[in-house]
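For reference, the chains in residue letters:
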Amino acid sequence: MKNSMRTAAAYIRVSTDRQEELSPAAQKRELKKYAKKNGILITDFYEDNGISGRNAEKRPQFQQMISLAKSHEHPYDYILVWKYSRFARNQEESIVYKSLLRKNNVEVLSITEPLIDGPFASLIERVIEWMDEYYSIRLAGDVKRGMTEKALRGGYQSAPPLGYHMNENHIPEIFEPEADIVREIYRLCMEKYTLTTIARIINDAGYRTRRGNRFERRTVLYILQNPFYTGMVRWNRAKHSDYHLNDEKDIIVVKGLHEPLFSEDYFQEIQNLVRPHTPGCTGNTREGRRKSDTLYKHYLCGFMKCPVCGKNLAYHCVKEKRNPSKSYPSFVCWQYSKGMHKSGGNISARRCEEALKSSLQSFLEQDVDEIMIHPNPKACEPSPLLEKYHIALSKLEQKELRVREAYIDGIDTKEEYRENKRMLAEEREKLERLIASEKKKTFSSDVPSAEELISHIQDVLAILNDPASDVFEKHRALEAILDHMEYSRDTDTFRFYYLYT
């Protein structure tokens, strides 16, 4: 059974240079041919096209394949690749991922670089990986030297920014429908509107980015700081690996062939206005950011949601410079703060606390018979196992198809086909029983009586009012009764969504 039912995932990758690579279709054809010849069923194909093999984290299909391959379901016995270089061009990552797969009894096979049996197999594999990485490093150096030379000559190596498009001679020219948006952004900046306000005004006017997205604060800042609009070409501004800005000495800015949208003097005036809004002014764009020192900065974190976009409100606490003992804690919607919608806004954390306590207190003042108890809606959600079982059932259908194709193509005998079909039928029956069992389950939550709920609310209020209770204790207490709460700035009202009423 093990020999006849070996399954595999086929991984296909083509990078940007394609100097030594087969096309995705050609790789797929060769992989299928190898699988048929060796009695392997390819149940899934994964493709990452136009992506380098140096960084596995930037290959979504690769990550999805690895995640599924190491799961408890064990859907694959092999990962088939055309060459080991398709799996990775980074020896360190290659060793890590191959070791991870081997621990889960999954082997990576190159159909064009078979390894000999014996103690030297591992050594030969490492040599191949080292040569793949060396080629990638050398190629990256050659490409960067070529791009640097082209940049120094004023060449264009990427799509032009908003306000321009390429003409038939591959020279950017002003595209008026977009150029009007850029002019409006610069005009608003000159009138000393904040970046967030500019984004909000532009969005309210119905303008969108080239990709159809709403403008954000960072989008506006990038447009205002781009020297392309003065007729210059800028290259190597940021590291694409982590999107950090490079040192100014490494950034190339030369005169281009396109028509400028603004004069250099006007552009410099704009730079003087936006410089205070640039994090760190130069260098890392993430400078100054850090993770929270605690799990929750406020016990309402995660409960406060924006009524406009549904996102969680972020907690901020501003302290007076002259008197640090005075602080102004608040909750704010990050989409509102970036100008992506005009409603919502922010709300004082102290007002949120008072409103919540007042709402809870109102329960205690009600007549018990007036309180309507409902099951916790979160407890009525479908079982997470159902989705896994359905995915496994879908994979099983692919296996059945492969088994049928293997018999038709003459790879399996009639007896092998019957045995494979019988085993798959048993697996299908088992999955269908599990699915039926999960569907019958009632997701019971211990629905409290009105009296029990009132008693619980009294306990929660006592914890919220107790100075000795820390943020985590208050948050955990609220989790048992509160789903979330919203504040509408337009009507200056709160809405509370409780789990049982």
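A quick note: this is a predicted structure, and the numbers were derived from the prediction, not measured.

Chemist: Explanation requested: the overall build of the protein chain in the structure shown.
Modeler: Along its length, the protein chain carries 15 helices and 16 strands. Residue burial in the protein chain is summarised as follows: out of 501 residues, 40% are buried. A separation threshold of at least 6 residues defines the contact pool for the protein chain, and within that pool the share at least 24 residues apart is 66%. Put simply, the protein chain shows about 29200 Å² of open surface, and 51% of that area lies on carbon and sulfur atoms.

Chemist: Just to check I follow, could you spell out the sheet that holds strand 11 (residues 304–305) for this structure?
Modeler: Sheet strands pair via backbone hydrogen bonds, and the direction of the pair is either parallel or antiparallel. The three strands are arranged 11-15-16 in an open sheet whose pairing can be described as mixed. The open sheet has two edge strands, strand 11 and strand 16 (493–498), and neither has a second partner. Bridge analysis of strand 15 (residues 482–488) against strand 16 gives six bridges, and the strand direction is antiparallel. Across the sheet, residue Ser488 finds its bridge partner in strand 16, namely Thr493. Where helix 11 (residues 349–364) meets the sheet, its contacts fall on strand 11, strand 15 and strand 16, and the angle it forms with strand 16 comes to roughly 55°.

Chemist: When you look at the packing of helix 6 (residues 176–190) against helix 7 (residues 195–204) in this model, what are you seeing that I'm missing?
Modeler: Between two packed helices, both the angle of their axes relative to each other and the distance between the axes serve to describe the pair. Two elements in contact, helix 6 and helix 7, have axes whose closest approach is 10 Å; the angle formed by their N-to-C orientations is 140°. Taken as axis vectors, helix 6 and helix 7 run oblique relative to one another. For the pair helix 6 and helix 7, the crossing hand works out as right-handed. Between helix 6 and helix 7, the residues in contact are Ile181, Glu184, Ile185, Leu188 and Cys189 and Ile198, Ile201 and Ile202, respectively. Of the residues in the contact of helix 6 with helix 7, the class split is seven nonpolar, no polar and one charged.

Chemist: Would you mind showing me how to read the pattern of salt bridges here?
Modeler: Pairing of side chains with opposite charge becomes possible as their charged atoms draw close. As enumerated under the stated definition, the model contains 14 salt bridges in all. A salt bridge links Arg183 to Glu176, with the shortest nitrogen-to-oxygen separation between them at 3.0 Å. Under the relative-accessibility criterion, Glu176 is labelled partly exposed at 39%. Across the pair Glu419 and Arg422 runs a salt bridge, and its minimum N-O distance is 2.7 Å. Remark: Arg422 and Glu419 occur in helix 13 (residues 414–440); sequence separation between them is three residues, near one turn of the helix. On the basis of relative accessibility, which here comes to 37%, the residue Arg422 falls in the partly exposed class. Connected through shared salt-bridge partners, Glu176, Asp180 and Arg183 make up one network.

Chemist: Even after reading the chapter, I still don't get the nonpolar core, so can you show me in this structure?
Modeler: When a protein is soluble and globular, its nonpolar side chains tend to lie buried together. Counting residues in each nonpolar core, the largest one holds 37 residues, and the members touching the most others are Leu300, Phe331, Leu356, Leu360 and Leu478. It is helix 14 (residues 450–465) that contributes the most residues to this core, seven residues altogether. Residue contacts for Leu360: discarding those within four places in its chain leaves Ile457, Val460, Leu461, Leu464, Ile481 and Tyr498. Of all hydrophobic cores here, the second largest spans 26 residues; its members include Ile181, Ile185, Leu224 and Ile270.

Chemist: What exactly am I supposed to notice about the pairing of strand 3 (residues 78–81) here?
Modeler: Remark: a regular strand shows side chains that alternate across the two faces of the sheet. Because side chains alternate across strand 3, one face comprises the buried residues Tyr78 and Leu80, and the other comprises Ile79 and Val81, equally buried. Here three bridges tie strand 1 (residues 7–14) to strand 3, and the two strands are oriented parallel to one another. Among the inter-strand pairings, Ala8 is bridged to a residue of strand 3, identified as Tyr78.

Chemist: Explain the packing of aromatic side chains here, please?
Modeler: The description of two aromatic rings rests on the distance between their centres and on the angle between their planes. Tallied over the full model, the rule gives 16 aromatic pairs. Where Tyr164 meets Tyr229, the ring centres are 6.2 Å apart and the plane angle is 35°; that geometry is what we call tilted. Here Tyr164 is found in strand 5 (residues 164–166), whereas its partner Tyr229 is found in the loop between helix 8 (217–225) and strand 7 (232–235), with 65 residues between them in sequence. Each of the two residues, Tyr164 as well as Tyr229, counts as buried. For the ring pair Tyr487 and Phe494, a centre distance of 5.0 Å and an interplane angle of 50° mean the geometry is tilted. Phe494 carries the same exposure label as Tyr487, and that label is buried. Over the face of the ring belonging to Phe45 we find Lys28, whose NZ or CZ atom lies 4.7 Å from the ring centre. Just above the ring of Trp82 sits the side chain of Lys83; from NZ or CZ to the centre is 5.0 Å.

Chemist: Would you mind showing me how to read the sheet that holds strand 3 here?
Modeler: Spatially, the four strands line up as an open sheet ordered 2-1-3-4, and their pairing is parallel. The strands lining the two open edges of the sheet, one partner per strand, are strand 2 (41–49) and strand 4 (107–110). With strand direction ignored, the average angle separating the axes of adjacent strands in the sheet is 25°. Taken together, the four bridges between strand 3 and strand 4 define a ladder with parallel strand orientation. Residue Val81 lies in a different strand from strand 4, and its bridge partner there is Ser110. The strands touched by helix 1 (residues 24–37) within the sheet are strand 1, strand 2, strand 3 and strand 4, with strand 1 carrying the most contacts at an inclination of about 155°.

Chemist: I would appreciate a short explanation of the packing of helix 8 against helix 9 (residues 264–274) in the present structure.
Modeler: One can describe the packing of helix 8 onto helix 9 by two numbers: an axis separation of 9 Å at closest approach and a directional angle of 145°. Packed against helix 8, whose contacting residues are Leu221, Leu224 and Gln225, the element helix 9 presents Phe267, Ile270, Gln271 and Val274 at the interface. Per-class residue counts for the contact of helix 8 with helix 9 are five nonpolar, two polar and no charged.

Chemist: When you look at unusual backbone geometry in this model, what are you seeing that I'm missing?
Modeler: Trans peptide bonds make up most of the peptide bonds, and negative phi angles are found at most residues other than glycine. The phi angle at Asn105 is positive, at roughly 60°, despite the residue not being glycine. Looking at where Asn105 falls in the secondary structure, it is placed in the loop between helix 4 (91–103) and strand 4. Residue classification places Asn105 among the exposed residues on the basis of a relative accessible area of 59%. Its identity is not glycine, yet Asp492 carries a phi of approximately 55°, on the positive side.

Here is what the cut-offs are and how they apply
- Residues numbered from 1 in each chain as written.
- Predicted model: local features only at pLDDT ≥ 70, side-chain atom pairs only at ≥ 80, totals over all residues.
- Heavy atoms only, no water.
- Helix = DSSP H or I, 4+ residues; strand = E, 2+ residues; numbered from the N terminus.
- Buried < 20%, exposed > 50% of the residue type's maximum accessible area, 1.4 Å probe, protein only.
- Contact = heavy atoms within 4.5 Å.
- Areas by Shrake-Rupley, 256 points an atom, 1.4 Å probe, with all protein chains shown as cover.
- Pairing = 2+ DSSP bridges.
- Axes fitted to C-alpha atoms, helices over the stretch in contact; angles between N-to-C directions.
- Parallel < 35°, antiparallel > 145°, perpendicular 65-115°, else oblique.
- Left-handed = near helix turned anticlockwise from the far one by under 90°.
- Nonpolar A, V, L, I, M, F, W, Y, C, P; charged D, E, K, R; others polar.
- Salt bridge = Lys/Arg side-chain N within 4 Å of Asp/Glu carboxyl O.
- Core = buried A, V, L, I, M, F, W, Y, C linked by side-chain atoms within 4.5 Å.
- Phe/Tyr/Trp six-rings, centres within 6.5 Å; stacked < 30°, edge-to-face > 60°.
- Lys NZ or Arg CZ within 6 Å of the ring centre and 35° of its normal.

Keep in mind these values describe shape, not function.
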